[in-house]
Amino acid sequence: MNKKWWKEAVVYQIYWRSFFDSDGDGYGDLKGVMEKLDYIKDLGIDVIWLNPFYKSPDRDNGYDISDYYDVMDKAGDMAIFEELIQEIHSRGLKVIMDLVVNHTSDQHPWFAESRSSKDNPKRDWYIWEDPKDGKEPNNWRSYFAPSCWEWDEQTGQYYYHSFAVEQPDLNWRNPELRNEIYKMMRFWLDKGIDGFRMDVINLLAKKEVFSDAENPNNISYLANNPGIHDYLQEMHREVLQHYDVMTVGEIPFVSPEEGLLYVDESRNELNTLFHFQVADDMPTWNMLRYKEIQSSWYEGLKKRGWNSQFLNNHDHTRQVTRYGNDRNYRVQSAKLLATMIHTLPGTPYIFQGEEIGMTGVRFDSIEDYNDIAMKNKYQEEVSKGRDPQEVFESLLLLSRDNSRTPMQWNDAPQAGFSSGEPWIKVNPNYKEINVEAALNDPDSVYFYYKKLIALRKENDVMVYGDYKDLLPDDEHLYVYSRSYKDETWLIVLNHCDGEQAVTLDGFTNRKLILSNYQRDLEKDEEILFPHEARIYQITK
């Protein structure tokens, strides 16, 4: 397998509207990102991933784009973005941005033209269907609504939307539309960005026939349809092969066998992917399932494609709350999860605030939440007659707002995020959990991340090493090795609230490199503390 810069990189995701507000309007912005670049550089980051900042009515926090060539007012303007690129590159960092081309906003000029009449030249840039028996063309759901069809009174047809009704899907069968997308991609690449995170990229191709689904609640029918690989290979030929870039596809509903089709280095599609077997199959921690997922993806992609490692992002609850113990062992479990993500095969991603152990949030009322998916689901379930409080409680753990509360910089009002009223409430625990406190504590989660990142930069075994799960049937201990050339590392994790004994007799010449507890590196303890993580180097 070829060595590549993006395989060796550590990526830091910036959800800019919650990162740092430079002008007091309550929204983070691109200037705010610029002001914190030295913080990101000091952590050891290589690549910054910026969530969408295109012009948008902001119904879905920027994933509903009304102009692909402009910057939304909340974020700044094009001159600020161009300065931001320069400042990022001057620090030796790279930047990738979101590519959102499955859908646009219903306020995009393309859609305004498309819905203006059935014979408009851009009518076929979106997906329109006649009613079936006086109602929707089929029984499919969208991610955010009970139907993926919305009636348009003016032209007497339904349009298709995989997400909110304000986000109509583009018709990738139209070559003019595809060429316009490729033109837009070149525009941003020529400005100097270093790649794309491609939003729900495997939804671009639609089924040829819109027949009813046997189980409409299983929305996997939205993805991985015939033609998707033709589109991505064309995208590579027309755009990507002409730039030294990193591409990561958000690809739900895939097995390792299907995922390989997207990232096999011989197929010329994408560099790497986010799959969602962990996020979708594990609402809470399940050690045996997690090990199974890691092993199957390692074997499925081995020496042919590249994986990504993450447990949280802007769509998924913060990892220490969802998969750790954010009450009694927040610091220890935050460090354990970090150890795991940075030592498993694939490129590790850090979501802003993860490096200080930020937690999910519990607000008092549905009115305190901003997440359109959560709010729509709440309304849908309450309309069925369910108890509103019961519905509210059922949606809390997986609400996307768990990860969208403002970055906690210090213990000042609004956590130092803004001098104004934030667009979403700050997590009340900001006085204890914040960057300033972390930087003043040498044993903080932050400094543990720095050590992990530095180790990865200095040791190819963490990047390119073979992977072997040594205790696949243990429900609490995760013990695995990474081996590269003549070097072997052993990772030992106790993912539970109690002590666990571990036997390491098969690795007699071992040197403890890193632990999330204060351990004597010269001693070799075989009792693991709750949520303890260790990295050993095996010497000959």
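On a predicted model such as this, the values are computed, not experimentally measured, just so you know.

**Re the UniProt feature "domain: Glycosyl hydrolase family 13 catalytic" (unreviewed entry) in the chain**
Consideration 1: Residues annotated by UniProt as "domain: Glycosyl hydrolase family 13 catalytic" (unreviewed entry) correspond here to residues 13-404.
Consideration 2: In residues 13-404, the share of helix is 32% and the share of strand is 12%. The end C-alpha atoms are 12 Å apart.

**So, the packing of aromatic side chains**
Consideration 1: Scanning the entire structure with this criterion turns up 49 aromatic pairs.
Consideration 2: Every member of this aromatic cluster is reached through a ring pair, and the members are Phe53, Tyr54, Tyr68, Tyr69, Phe81, Trp110, Trp125, Phe187 and Trp188.
Consideration 3: We note lysine 94 situated over the ring of tryptophan 5; from NZ or CZ to the ring centre the distance is 4.7 Å.

**Digging into the sheet that holds strand E8 (residues 157-160)**
Consideration 1: One open sheet holds the three strands; their spatial order is E6-E8-E7, and the pairing between them is antiparallel. With one partner strand each, in any of the chains shown, strand E6 (128-129) and strand E7 (149-152) form the two edges of the open sheet.
Consideration 2: Inspection of the sheet shows E7 paired to E8 by four bridges, in the antiparallel sense. Looking at E8, one finds that tryptophan 149 is bridged to tyrosine 160.

**Let's talk about empty space enclosed by the protein**
Consideration 1: Tallied over the full model, the rule gives two cavities of 30 Å³ or more.
Consideration 2: Taken as a whole, the largest cavity encloses approximately 110 Å³ of empty space.
Consideration 3: Every residue along the wall of the largest cavity is listed here: His275, Phe276, Val278, Ala279, Gln294, Asn307, Ser308, Gln309, Phe310, Leu311, Arg322 and Tyr323.
Consideration 4: Sorting the residues of the lining of the largest cavity by element identifies helix H9 (277-281) and strand E12 (308-309) as the ones contributing at least two each.
Consideration 5: For the second largest cavity, the calculated volume is near 50 Å³.
Consideration 6: As for the second largest cavity, its lining consists of Asn312, Arg318, Gln319, Val320, Ala334, Leu337, Glu354, Gly357 and Met358.
Consideration 7: If you list the elements that add at least two residues to the lining of the second largest cavity, you get helix H11 (319-322) and helix H12 (330-343).
Consideration 8: Among the residues making up the lining of the second largest cavity, the classes are represented as four nonpolar, three polar and two charged.

**Here's the deal with the pattern of salt bridges**
Consideration 1: Tallied over the entire structure, the rule returns 41 salt bridges.
Consideration 2: Here aspartate 98 makes a salt bridge to arginine 197, at a shortest N to O gap of 2.6 Å. Placement of aspartate 98 in strand E5 (residues 94-99) and of arginine 197 in strand E9 (residues 195-198) is noted, with a sequence separation of 99 residues between them. Both residues of the pair, aspartate 98 and arginine 197, belong to the buried class.

**Things to note about the sheet that holds strand E20 (residues 533-538)**
Consideration 1: Here five strands make up an open sheet; going across it, the order is E14-E15-E16-E20-E18 and the pairing antiparallel. Of all the strands in the sheet, just strand E14 (466-469) and strand E18 (510-515) have a single pairing partner and so form its edges. Each strand axis lies, on average, 25 degrees off the axis of its neighbour in the sheet, ignoring direction.
Consideration 2: Direction of pairing for E14 relative to strand E15 (residues 477-484): antiparallel, over a ladder of four bridges. In the sheet register, lysine 468 faces E15, and the bridge partner there is serine 481.
Consideration 3: Together, strand E16 (487-494), E18 and E20 form the strand contacts of helix H16 (residues 445-458), whose direction differs from that of E18 by roughly 135 degrees.

**Points about the side chain of glutamate 381**
Consideration 1: On the secondary structure map, glutamate 381 appears in helix H13 (residues 372-383).
Consideration 2: Those residues in contact with glutamate 381, other than ones at most four positions away along the chain, are Arg386 and Val391.

**Digging into the domain arrangement of the chain**
Consideration 1: Domain annotation for the chain reports domain 1 (103-169), domain 2 (179-305) and domain 3 (464-538).
Consideration 2: For the pairing of domain 1 and domain 2, the buried interface totals around 1500 Å² over both sides, and the portion due to carbon and sulfur atoms is 66%.
Consideration 3: Counting every contact that joins domain 1 to domain 2 gives one salt bridge.
Consideration 4: Between lysine 206 and aspartate 169 there is a salt bridge whose closest N-O contact spans 2.6 Å.
Consideration 5: Summed over the shared surface of domain 1 and domain 2, the result is six residue pairs in polar contact (both at pLDDT 80 or more).
Consideration 6: For the side of domain 1 that touches domain 2, the per-class residue count stands at nine nonpolar, four polar and three charged.

**Structural notes on the nonpolar core**
Consideration 1: The biggest cluster of nonpolar side chains holds 116 residues, and the ones touching the most others in it are Phe81 and Ile181.
Consideration 2: Excluding anything up to four places from it in sequence, phenylalanine 81 contacts Leu30, Leu50, Phe53, Met97, Trp188 and Ile193.
Consideration 3: Grouped together as the second largest cluster of nonpolar side chains are 18 residues, Trp140, Phe144, Cys148 and Leu203 included.

**Side note on the layout of surface pockets**
Consideration 1: Taken as a whole, the largest pocket encloses approximately 1200 Å³ of empty space.
Consideration 2: Lining the largest pocket are 37 residues, and of these Tyr143, Phe144, Asp280, His316 and Ala373 sit closest to its centre.
Consideration 3: Secondary-structure elements contributing two or more residues to the lining of the largest pocket are H9, H13 and helix H14 (388-396).
Consideration 4: Looking at which element gives the most residues to the lining of the largest pocket, the answer is H13, with three residues.
Consideration 5: Looking at the lining of the largest pocket, its residues break down into 16 nonpolar, ten polar and eleven charged.
Consideration 6: Residue assignment places the lining of the largest pocket across two domains, with domain 1 (103-169) and domain 2 (179-305) each supplying three or more.

**Description of the packing of H13 against H14**
Two numbers describe a pair of packed helices, the interaxial angle and the distance between the axes.
Consideration 1: Taken N-terminus to C-terminus, the directions of H13 and H14 make an angle of 145 degrees; their axes are 10 Å apart at the nearest point. With respect to the hand of their crossing, H13 and H14 are arranged in right-handed fashion. Together, Met374, Lys377, Tyr378, Glu381 and Val382 of H13 and Pro388, Val391, Phe392, Leu395 and Leu396 of H14 make up the contact between the two elements.
Consideration 2: Residues that form the contact of H13 with H14 fall into these classes: eight nonpolar, no polar and two charged.

Definitions and limits used
- Residues numbered from 1 in each chain as written.
- Predicted model: local features only at pLDDT ≥ 70, side-chain atom pairs only at ≥ 80, totals over all residues.
- Heavy atoms only, no water.
- UniProt positions renumbered as here; feature names shortened; annotations may be inferred.
- Helix = DSSP H or I, 4+ residues; strand = E, 2+ residues; numbered from the N terminus.
- Phe/Tyr/Trp six-rings, centres within 6.5 Å; stacked < 30°, edge-to-face > 60°.
- Lys NZ or Arg CZ within 6 Å of the ring centre and 35° of its normal.
- Pairing = 2+ DSSP bridges.
- 1 Å grid on protein atoms, 1.4 Å probe; cavity = no way out; pocket = protein on both sides within 12 Å on 5 of 7 lines; lining within 4 Å.
- Points joined across faces, edges and corners; volume = space filled by probe spheres on them.
- Nonpolar A, V, L, I, M, F, W, Y, C, P; charged D, E, K, R; others polar.
- Salt bridge = Lys/Arg side-chain N within 4 Å of Asp/Glu carboxyl O.
- Buried < 20%, exposed > 50% of the residue type's maximum accessible area, 1.4 Å probe, protein only.
- Axes fitted to C-alpha atoms, helices over the stretch in contact; angles between N-to-C directions.
- Contact = heavy atoms within 4.5 Å.
- Domains from an automatic or database assignment.
- Buried area = accessible area lost by both parts, 1.4 Å probe.
- Polar contact = N/O pair within 3.5 Å; in protein donor to acceptor, adjacent residues only side chain to side chain.
- Core = buried A, V, L, I, M, F, W, Y, C linked by side-chain atoms within 4.5 Å.
- Left-handed = near helix turned anticlockwise from the far one by under 90°.

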